[in-house]
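One-letter residues, chain by chain:
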Amino acid sequence: MIEYLILVLAIPLGFVLAKITKDEKEIYTRMPYFPIILWVLAIVSAIFYFFDRQIALTLTFIFLTTLVWNKA
């Protein structure tokens, strides 16, 4: 149950990271850093969901954080 509560913290963390790195946004948006990472994380998280749920939740946390960071 606690892992799902921690998973909810991914969204505020993404906003915090976007605010901290606001000056560098033009640097990491030039090349496709986040789109490649997001696809890899989504696929690997879906694969690991059937093998080990803890790894899948960790990858999902990273995916959500990166997604919100990219969109903010």
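Keep in mind it's a predicted model, so treat the numbers as computed, not measured.

1. Some remarks on the overall build of the protein chain
Move 1: Assigned secondary structure in the protein chain consists of 5 helices and 0 strands.
Move 2: Counting from the amino terminus, helix and strand elements in the protein chain follow one another as α-α-α-α-α.
Move 3: Oriented by its inertia axes, the alpha-carbon framework of the protein chain measures out at about 40 × 25 × 10 Å.
Move 4: With 72 residues in all, the protein chain has 25% of them scored as buried.
Move 5: When the accessible surface of the protein chain is summed, it comes to about 5500 Å², and 75% of that surface belongs to carbon and sulfur atoms.
Move 6: Across the protein chain, the mean location of the 6 positive side-chain charges is 8 Å away from that of the 5 negative side-chain charges.

2. Some remarks on the packing of helix α4 (residues 33-48) against helix α5 (residues 53-71)
Move 1: In the contact formed by α4 and α5, the axes pass within 9 Å of each other and the chain directions differ by 155 degrees. Compared by their axis directions, α4 and α5 come out roughly antiparallel. For α4 against α5, the interelement crossing comes out left-handed. Within the contact between the two elements, α4 uses Phe-34, Ile-37, Leu-38, Leu-41, Ala-42, Val-44, Ser-45 and Phe-48 and α5 uses Arg-53, Ile-55, Ala-56, Leu-59, Thr-60, Ile-62, Phe-63, Thr-66, Leu-67, Trp-69 and Asn-70.

3. What to know about the confidence of the model for the protein chain
Move 1: For the protein chain, per-residue confidence averages 88 on the pLDDT scale, and 100% of positions sit at 70 or higher.
Move 2: Averaged over each element, pLDDT in the protein chain is lowest for helix α3 (residues 25-28) (77) and highest for helix α2 (residues 10-20) (92).

4. A closer look at the packing of aromatic side chains
Move 1: Using the criterion set out here, one finds 2 aromatic pairs in the structure.
Move 2: Pairing Phe-34 with Trp-69 gives two aromatic rings, centres 5.2 Å apart and planes at 55 degrees, and the pair type is tilted. Here Phe-34 is found in helix α4, whereas its partner Trp-69 is found in helix α5, with 35 residues between them in sequence.
Move 3: Judged by its relative accessible area of 8%, Phe-34 falls in the buried class.

5. Observations regarding α2
Move 1: Here α2 has its buried residues at Ala-10, Gly-14 and Ala-18. All buried residues of α2 fall inside an arc of 80 degrees around its axis, so they share one side. Exposed positions of α2 whose direction lies more than 90 degrees from the buried face are Phe-15, Lys-19 and Ile-20.
Move 2: The elements touched by buried residues of α2 are α1 (2-8) and α5.

Cut-offs used in this document
- Residues numbered from 1 in each chain as written.
- Predicted model: local features only at pLDDT ≥ 70, side-chain atom pairs only at ≥ 80, totals over all residues.
- Heavy atoms only, no water.
- Helix = DSSP H or I, 4+ residues; strand = E, 2+ residues; numbered from the N terminus.
- Buried < 20%, exposed > 50% of the residue type's maximum accessible area, 1.4 Å probe, protein only.
- Areas by Shrake-Rupley, 256 points an atom, 1.4 Å probe, with all protein chains shown as cover.
- Lys, Arg positive; Asp, Glu negative; His and termini not counted.
- Charge placed at Lys NZ, Arg CZ, Asp CG, Glu CD.
- Axes fitted to C-alpha atoms, helices over the stretch in contact; angles between N-to-C directions.
- Parallel < 35°, antiparallel > 145°, perpendicular 65-115°, else oblique.
- Left-handed = near helix turned anticlockwise from the far one by under 90°.
- Contact = heavy atoms within 4.5 Å.
- pLDDT = per-residue confidence, 0-100.
- Phe/Tyr/Trp six-rings, centres within 6.5 Å; stacked < 30°, edge-to-face > 60°.
- Arc of directions from axis to C-beta.

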